[in-house]
Amino acid sequence: MKSFDLLSNFKSKLSITRRGFLQGALVVGASSAVIGCAKFDEETSGKKVEVPIDAIVYGSTGHNCGARCITKAHVSNGRIIKFTTDDTATYTDGKDVSADSENCTQSRACAKCRGYKHRLYHPGRLKYALKQTKKRGDLSGFVRMSYDTALKEVARKHKAITDKYGPESFHSLYACGTIASSWQGGGYTGIWTGMNGIGGRYIGGQLSYTDDYSFHQKSFFGNRYTGYTSETFNAPVVAQHVKNLVLWGSNILSTVNEKAYSWIRSVEKMKERSGTKVYFIGPEFVDTGVTLADEWIKIKPYTDVALMMGMLYHMIENTFETTGEIKANPMLDVKYLDTMVYGFFASPAYWIHVGVKEVKDKDGNVTTAEVKATGEIVFAEPSLNPEQYNKVDAVPAGKALASYIMGNGDCLGGTYDETGANATYMSAKFISANPSITRGATCDYPVTAGTGTTYMYKRDFATPKTPAWASAITGISEAKIKELAEVYAKPENHPVASTWAGGQTKQAEGVITFFAMHSMMLISKVWGETGNVFDRAFGGSRKGAEGNLPVNIPREIPDNPGSPVIGCTQWLSGIKFAFGDKLTVENGYTGEFVPDHTVTDVNDRNAYFDDSGVKSLVKWKRDDKGKLITDANGFYEWDKDGTNPIYSGVRFILNAGGNILINQHMNPNDSRQVYESLPLSGDPDDAETLCLVSLDNFLSPSPRWCDYVFPATTNWEQEDILGISLGNTIYVPAVSTAPGESKAPYDFTNELLKAYAEIDPRKSGLATDFTGGVADKSLERHTKDAFTIASSKEGILQGKTWDEYLKNPFLPRVPNDSEITKSKSKLRIKIDNYIDLSDGDRIVTPFIKVDTSTDSSKNHNQSVNLVGLSNAGYGDMGGGEFSNPETAPDSPARFTVYSPMFVWRYENRYSKFHGYLANSADRGMKNKDSEGDPLVYPIPMYFNYEDYFMDAYGGVDKLPPAENRFLLTTTHDRYRVHSSQAENPYLRELTHRTVGGDLYSGDDWNEYALLGAEPAEGNKYSIPRLNKAIADKKLNATYSEIWMNDSDADKKGIRDGDLVEVSNVIGTVHCVARLSKRCVTGFLGLHQGCWYDPDPETGVDVGGNCNTLMASRPSRVDHGNAQQSAMVSIKRVVV
Amino acid sequence: MRYAFYFDQSRCMSCNTCSVACKDWHGVNPGAVRWRKVNTHETDDGGFFNLSMSCNHCEKPACLEVCTAGAIYKRADGIVAIDRSICQKIEDCKIMCPYDTPQFANNKQEPDEIVGSFTRHPMQKCDFCADRIDNNESPICVASCPAHALDYGDFDELKVKYPDAEQLTKGKFPYAYKPETDDNTGPSMLIKKRKPFTSE
């Protein structure tokens, strides 16, 4: 325990009841993890004794729960007795903390942090380093090893592999067990995980990844394809202005605890205004809906896009006559659409004047003078100053978004208006260029297989996407679809705030959902005005935090060598690329869990789903600064083994406090087969074997399948610096004694760098650099340095002592309770004015200009940036390395709902790495499905979920039988942080039940996630199954709940509390049925984060991990994780 | 003085922070016994109503009336308490309580003998955090609630503070009650009822 002096005005002894004393006394003497056994005698009669609580210490958590709240540990003798939370009564400006304000910043922790005691003192905590000696995953094969010996072997192995296969063969896996701490763990700037993890750079570089498992599809889509931008979303805007709040599956009250109260209070205030409404649209009525919604719109999972198309149909139908004439009171603003929304209607190719930006040389002399954009449109390539024009490609009549929506409907045959009330500068120009141009025609996308196509969505190209069509798909009534359409389309219902949910970003068609949502809001003009919002989580409005410590560890971290950046979910594909020749049926790799990719494909190194960066994983040539070298053809130069490239792939994985390796990635059955088929890491100097290393608190599924496992500390056992969401960044000392030899990531890294220096002289001194130029300098010393500076300067910490700071380091942010004036954005004002201007003035387009700022897409960026609409980059991040940027389509310089760029970027991603591929057709990414038609289209369209499952499961006949077919999603509940705390009995009992038991019947405390007896160093463990009680067939064994509609259950003969088997061709899990009207029919909810625990005989995952049911096939376009998409059967298991 | 709880049903998000904080503070081990329970009740007309409830510290506690061991008593401030050392585990209190409040642990959840007690697993339930109350602190559940959905205080003062709230009754909140039990104990529990909602 850290010994800091308790503060002068702080009671070192708390007065608590005798009961508390007995708990404390028990804890002090306890040798097992049995703590806090309640003793009840005389306490309520008020007799009191003194118990020595050494300190009450402020802290928080570093794992990826979406919030950083305040918990206060009551510590006695190196052990935490109990927790309390923030009870700050006044803000730094002296005002009282009041729950009346939606901006209230009292930072109250949720159940996860309140239950932490049983995580810290769990009997299954790892204490020593382990090395697998039999076969990966074999619970009888782990040998106890000294931490130092294991560390040295790991350093040697890493050196052997990366010396031969380059830094691209080392991957520090996405892991979020300590993601919130940049100083200890990961996150986006931390030591090991994340795109900029520094640990990998110290040891020679690493293969990085794009974004993360949570929001890959949203991040990928970004907002540059469409140009849609949300207005500010915060609690006062909701309280004061929003008329309709549409929660598209939102789960925020469960996933972002720190924002929960701002939501609750602001929606309360919103409802006090008349004429407001809160809708919740989703298949599972999650807590957010139960608490906030006025109405639950029950929708089948994965059908949001069909709903939006039905809504758009209603808007179009109420805008045009069947003849194509515009109706008297059109629902849509056709002038705006003609002018500003590219691709909703057909339009001809044209050139638009966008001017030239001023360019200066380094001395400040203007080398290119500015030419202001005029917005002039011409229909032939201008001969004069062509560089001042962007070419805008034609939108063919049958390919416009409106054509897809109307199918073969006839109301879009009308021509643009050249004159009259509905004419605009654009429409008049179009007519002048082509008098016969129409706004639309029958939808016309290719269907190579004709009527024989197996894809349902292609059969629907010509079908009008009417509310009736959408109703049949979504399960929502036509009337309700029309009502929702009018919420969006009618200005009197604005502002409309729409929220997306993390669930939508983990579905097979998540990117398309975002494309459709942007399109719908652009078309219906739900943008550009206070309260017109599309976002995930709003919070209160508050002033900046005071009292942050300027902690700075001076380091000279090496740059990462040039390297591709793969899609965050594609590392397993990278392992297959590296060891393709060894993953044979003879070696045990059957490929049976990935029906859409054969073993031969793996052996031939055909990257799965082509490819999100995987086929870029050959060894690259670099210059002396580590930069990649570009050849004369615009490709990066590759290293050769004779004439062949050297297949680096992914060969060494460090998993620092994560569970992606098995549990949180789709399809653990396949991952496991890969690891079990490949030889163990074995000889530390052998470059030819895979090496998997985990740091963890428990032998959760990922460390179980590793070669090396290191015991790690967690919150309260490691000093840390954590940014509290509603306040400042605080220093948290270590107050609880860590088990065995477990170390914090900071200390692991320090020791690893020292071990590395022993085998590689080039690495000497790096450990010292890592700790800030002073050997072994602790975080506490760095923090004290920062504190000394802060307390000597003007500010809230001025004059404080370190002990005073430790007593209460938390400073809540001050609410900003001022009123918000409703206003339009600059862009909205400009566009509204522009449309209303007379013809002559319209040529001047104040909103069209070209941004020459660079981003990852570099030299073609100038031609595609929709500036004035958005400066955010495209989200394909690592993929944006093109060998042929000059072929990219130009920007239409307006909102875009038909995006040739969306297709072009897909087809050309990573192409700069593909020079080693002799066949030019293999370069970039193939935009072809199994019938030769595109996977990626320029417009959002509804892709029937059956099509994804048909592909992912290996054919229509592999889908679950029609009479027992359920769609399953994997909502986050609040009792696990992804899979962190899956072992915590205080939380397990809220989500697990005994067979036949009621809610909260869970009773396998001290029987779950155990390690067995601790062997002497060098000896083998005998580790029981995770779910020991299930393995031992005990009656108190508990299973994860799966949520199911009661009428569905009735038909299947399933009762509440029954053991059920849920399966598809990918995997099988066992759960206990929880029957609830909170699920729509045909739907199952298996909340994510349970630990994978396959029965050794049957392969059934009795742990109830939802990912056991998730196919490997990634999501369309972004190749992210489609881990909220499964089609399954369910049946009762007779016990 | 009559201590009572206030519960805002329109704010509760069913997060169980109160129930876990309660177990942590009172050292109730993992297991079926939990002094405060949180549920989302589903009504036949398609409603969903959250309820966080522990002992309602009734004006006329049914448990107290039937406790022949004399283990249950009411403090002057209204808190209904139990002297666990003299409980004989007759369990009539559990039967008679309309809210199923009294609970009994098993050997696993309560592994240690309680020195001097009459029975191995005497009744236990919410004691309104008498230890904290006596220390001028709010009950741990109230202090923990991230949604600010719980409050406590004198029954009459709470009624003034929350004019929208109503006393817990079987008619308004049938799901709070065990079937076949009377509604005449005078629960010290005020609730602000959530508005019904529609779904289709």
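Residues numbered from 1 in each chain as written. Chains lettered and ligands numbered in written order. Predicted model: local features only at pLDDT ≥ 70, side-chain atom pairs only at ≥ 80, totals over all residues. Heavy atoms only, no water.

(A) A look at the overall build of chain B. Of the regular secondary structure elements, chain B holds 6 helices and 9 strands. Since a compact globule built from 200 residues should have a radius of gyration of about 16 Å, the 17 Å found for chain B is in line with a globular shape. C-alpha atoms of chain B, sized along the principal axes, occupy 55 × 35 × 30 Å. Relative to its full complement of 200 residues, chain B shows a buried share of 64%. For chain B, restricting intrachain contacts to residue pairs at least 6 apart in sequence, the fraction spanning at least 24 positions comes to 62%. (Helix = DSSP H or I, 4+ residues; strand = E, 2+ residues; numbered from the N terminus. Rg over C-alpha atoms; globule rule 2.2 N^0.38 Å. Buried < 20%, exposed > 50% of the residue type's maximum accessible area, 1.4 Å probe, protein only. Contact = heavy atoms within 4.5 Å.)

(B) Structural detail: unusual backbone geometry. Residues and elements named next belong to chain A. In this chain, H494 is followed by P495 through a cis amide linkage whose omega measures 0°. Mapped onto the secondary structure, P495 falls in the loop between helix 17 (478-489) and strand 19 (496-499). In this structure, D611 follows D610 across a cis peptide bond, with omega equal to -5°. Inspection of the secondary structure assignment puts D611 in the loop between helix 20 (599-603) and strand 22 (640-641). The backbone of N1006 sits at a positive phi, close to 65°, despite the residue not being glycine. In this fold, N1006 is placed in the loop between strand 31 (992-994) and helix 33 (1028-1031).

(C) Local environment of the pattern of salt bridges. Under the definition given, this model contains 76 salt bridges over all chains. D685(A) is paired through a salt bridge with R156(A); the nearest N and O atoms lie 2.9 Å apart. With D685(A) in the loop between helix 22 (668-677) and strand 25 (691-696) and R156(A) in helix 4 (residues 147-165), this residue pair connects regions lying 529 residues apart in the sequence. D685(A) gets classed as partly exposed once you look at its relative accessible area, which sits at 46%. R156(A) sits in the partly exposed class, given a relative accessible area of 30%. Among the salt bridges present, the one from D610(A) reaches K615(A), with a minimum N-O distance of 2.5 Å. Comparing D610(A) with K615(A) shows no difference in burial state: the two are buried. Residues joined in a network through salt bridges with shared partners are D100(A), R265(A), E268(A), D8(B) and R11(B). (Salt bridge = Lys/Arg side-chain N within 4 Å of Asp/Glu carboxyl O.)

(D) Local environment of the interface of chain A and chain B. Opposite the 72 residues of chain A that make contact, chain B presents 63 residues. The interface formed by chain A and chain B includes 5 salt bridges. Taken together, chain A and chain B are joined by 29 residue pairs in polar contact (both at pLDDT 80 or more). With 6 residues, helix 9 (residues 257-272) of chain A is the largest single contributor of residues to the side of chain A that touches chain B. Counted by class, the side of chain A that touches chain B contains 30 nonpolar, 20 polar and 22 charged residues. (Polar contact = N/O pair within 3.5 Å; in protein donor to acceptor, adjacent residues only side chain to side chain. Nonpolar A, V, L, I, M, F, W, Y, C, P; charged D, E, K, R; others polar.)

(E) Summary view of the sheet that holds strand 5 (residues 79-85) of chain A. Strand order in the open sheet formed by 3 strands is 3-4-5 (chain A), with antiparallel pairing between adjacent strands. Each edge of the open sheet carries a strand with a single partner, namely strand 3 (55-59) and strand 5 of chain A. Strand-to-strand twist across the sheet, computed as the mean angle between neighbouring axes with direction ignored, equals 30°. As paired elements, strand 3 of chain A and strand 4 (residues 71-76) of chain A share 5 bridges and run antiparallel to each other. Looking across to strand 4 of chain A, one finds that I56(A) is bridged to H74(A). Of the strands in this sheet, strand 4 and strand 5 of chain A touch helix 1 (residues 17-26) of chain B, which is tilted by about 140° from strand 5 of chain A. (Pairing = 2+ DSSP bridges. Axes fitted to C-alpha atoms, helices over the stretch in contact; angles between N-to-C directions.)

(F) Main features of the packing of helix 4 of chain A against helix 24 (residues 745-759) of chain A. All names here are of chain A. Where helix 4 meets helix 24, the axes come as close as 9 Å, and the angle between the chain directions of the two elements is 60°. Classified by the angle between their axes, helix 4 and helix 24 sit oblique to one another. For the crossing formed where helix 4 meets helix 24, the hand is right-handed. Between helix 4, through Y147, L151, K152, V154, A155, R156, H158, K159 and T162, and helix 24, the contact on the second element is made entirely by F748, E751, L752, A755, Y756, E758 and I759. Classifying every residue of the contact of helix 4 with helix 24 gives 9 nonpolar, 2 polar and 5 charged. (Parallel < 35°, antiparallel > 145°, perpendicular 65-115°, else oblique. Left-handed = near helix turned anticlockwise from the far one by under 90°.)

(G) Structural context of the confidence of the model for chain A. For chain A, the mean per-residue pLDDT works out to 89, and 91% of the residues sit at or above 70. The low-confidence segment residues 1-50 of chain A (pLDDT under 50) makes 119 contacts with residues lying over four places distant or belonging to another chain. (pLDDT = per-residue confidence, 0-100.)

(H) Fine view of the packing of aromatic side chains. All names here are of chain A. Per the stated rule, a full pass over the model turns up 69 aromatic pairs over all chains. Geometrically, the ring pair formed by Y457 and Y937 is edge-to-face, given 5.9 Å between the ring centres and 85° between the ring planes. With Y457 in helix 15 (residues 456-459) and Y937 in the loop between helix 30 (900-908) and helix 31 (945-953), this residue pair connects regions lying 480 residues apart in the sequence. Grouping residues by exposure puts Y457 and Y937 together as buried. (Phe/Tyr/Trp six-rings, centres within 6.5 Å; stacked < 30°, edge-to-face > 60°.)

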